[in-house]
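# Fold and contact review
Listed below, chain by chain, are the residues.
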Amino acid sequence: MLAALDQQSSHAYELTSRLAEAGLGEVSYGTVYPLITRLRRSGLLHEQSQPSPVGPARKVFSLTDAGRAALTDWLGQWKRSTSDVEAVLRSTGAWAGNPR
Amino acid sequence: MPAAVRSVVQDLQRRWRRLGVPRALREAVAADVAADLHAAYLQGRPLEVVLGVTSEHFAEQVARENGWLVPWPMYGRMLTSAALGAAGAIAAGIVLVLPATLGIVAAVGWVLLWAGVDLGSQVTASGQTYWYAPIVYAIYTLFGMGFVAAVLAAVRRGLKAAVELRRTLRAGLVLLTVSAAISLPLALAIGHASDYSNAPFVVAAEFSLVLGLASVALVAPRAWALRVPS
């Protein structure tokens, strides 16, 4: 979610569509909205009201500086974890599809 | 707002209201959710599919992430419920207790007269006859107990989802009784001192005294129950 919002500010419902299109599968609004609330209260997201051409004004979310820092940290952890796992899989031969 | 969206949002509002979440907080989030669901509705997507979870689960998750799962004092709802309970008790008093008191006093008077008791001999130093006073005081004491029970029952109904409700009611029972024991004689004293005047200022003073102490007797236990761990 942080990565998607860093790429482009969105409102909560639009974010569910973008995450699904990015390959995460069906992501429900009922899951995304509470998480957005948690991120906002943690200071990682900024919210801004934007008028909508169809319907009431919507809240649009974007990353704060703390949100960008958290995203950078998380990406670093993810890359380290995945490279460690990949190293193990390569050394055991499982990576190439040659298990015992 | 489309009816389908309104129905979901009203359900969410109802669940948050039951938790005691203040109106300003729940309406801000409800408007937010309504705008998003409105957009989904315009795309033709069924709202149950969009939500992906039950509205009960969604309401709880949103409340949790907003930090709303806390013991809200709900003073306003408590005092409103108490006022409704009091109004009901007063109405029952006017309709039932007053006629019953007159009937009981009359019946006891007949019995005493039949037994040969001279009711005219019950004269006090001020020259007034009060033979029926103990009967009236007993009936009004019973009415007072019923009044307190009605107020607490109304508070229990109004705050049924609130935390620490039992402790609030137990402490409220004690303090309401104490407040009545203090405020009613004082109100009677004001009446006596003013020769039972029905001037607005005097009546307002009597009502303010009784209602003010009763309100404190309800709010204080609620604050205590929420602050002091059980």
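Coordinates for the structure precede this section.
Structural notes, computed from the coordinates. Bear in mind the structure is a predicted one, so any value in this text is a computation, not a measurement.

Conventions and cut-offs
Residues numbered from 1 in each chain as written. Chains lettered and ligands numbered in written order. Predicted model: local features only at pLDDT ≥ 70, side-chain atom pairs only at ≥ 80, totals over all residues. Helix = DSSP H or I, 4+ residues; strand = E, 2+ residues; numbered from the N terminus. Buried ≥ 20, exposed ≤ 12 C-beta atoms within 10 Å, placed from the backbone. Expected span 1.5 Å × (residues − 1). Contact = placed C-beta atoms within 7 Å. Nonpolar A, V, L, I, M, F, W, Y, C, P; charged D, E, K, R; others polar. Core = buried A, V, L, I, M, F, W, Y, C linked by C-beta atoms within 7 Å. Axes fitted to C-alpha atoms, helices over the stretch in contact; angles between N-to-C directions. Parallel < 35°, antiparallel > 145°, perpendicular 65-115°, else oblique. Left-handed = near helix turned anticlockwise from the far one by under 90°.

### What about the environment of Val108(B)?
All names here are of chain B. Mapped onto the fold, Val-108 is located in helix 5 (residues 75–114). Using a count of 15 C-beta atoms within 10 Å as the deciding quantity, one classes Val-108 as partly exposed. Sequence-wise, Val-108 and Ile-135 are 27 residues apart; in three dimensions their C-alpha atoms are separated by 8.9 Å.

### Examining unusual backbone geometry
All names here are of chain B. Look at Met-74: it is not a glycine, yet its phi comes out positive at around 55°. On the secondary structure map, Met-74 appears in the loop between helix 4 (55–65) and helix 5. Its 24 C-beta neighbours within 10 Å are what place Met-74 among the buried residues.

### Some words on helix 7 (residues 165–193) of chain B
Residue and element names in this part refer to chain B. Along its 29 residues, helix 7 runs 40 Å from first to last C-alpha, staying within 8% of the 42 Å computed at 1.5 Å per residue. Each element contacted by the buried residues of helix 7 is listed here: helix 6 (133–158) and helix 8 (200–227). Following helix 7 by one or two positions, Asp-195 adopts a phi angle in the positive range, close to 60°.

### Some details on the interface of chain A and chain B
Each partner contributes residues to the interface: chain A has 19 residues there, and chain B has 20 residues. Looking at the side of chain A that touches chain B, the elements that each hand over two or more residues are helix 2 (12–24), helix 3 (29–41) and strand 2 (58–63) of chain A. Among the residues forming the side of chain A that touches chain B, the class breakdown is 8 nonpolar, 7 polar and 4 charged.

### Re the environment of Met74(B)
Expressed as a C-alpha distance, the spacing of Met74(B) and Leu19(B), which sit 55 residues apart in the sequence, is 9.5 Å. Apart from the residues lying within four places of it in its own chain, the contact partners of Met74(B) are Gly20(B), Leu159(B) and Ala162(B).

### What to know about the nonpolar core
Among the nonpolar cores identified, the biggest contains 33 residues, and Ala12(A), Tyr29(A), Tyr33(A), Ile36(A), Leu45(A), Val33(B) and Leu37(B) are the most heavily contacted of them. At the level of secondary structure, the elements contributing two or more residues to this core comprise helix 2, helix 3 and strand 2 of chain A together with helix 1 (3–19), helix 2 (23–42) and helix 4 of chain B. With 8 residues, the single largest contributor to this core is helix 2 of chain B. Not counting residues within four places of it along the chain, the set of residues in contact with Leu37(B) comprises Val5(B), Val8(B), Leu47(B) and Val50(B). Core analysis: the next-biggest nonpolar cluster, separate from the first, contains 18 residues, Val151(B), Leu159(B), Ala214(B) and Ala217(B) among them.

### Considerations on the packing of helix 1 of chain B against helix 2 of chain B
To describe two helices that pack against each other, one gives the angle between their axes and the distance between the axes. Residue and element names in this part refer to chain B. Contact geometry for helix 1 and helix 2: axes closest at 9 Å, N-to-C directions at 155°. By the angle between their axes, helix 1 is roughly antiparallel relative to helix 2. As helix 1 packs across helix 2, the resulting crossing turns out to be right-handed. In contact with Ala-4, Val-5, Val-8, Val-9, Leu-12, Gln-13, Trp-16 and Arg-17 of helix 1, helix 2 contributes Arg-26, Ala-30, Val-33, Ala-34, Leu-37, His-38 and Tyr-41. Within the contact of helix 1 with helix 2, the residues separate by chemical class into 11 nonpolar, 2 polar and 2 charged.

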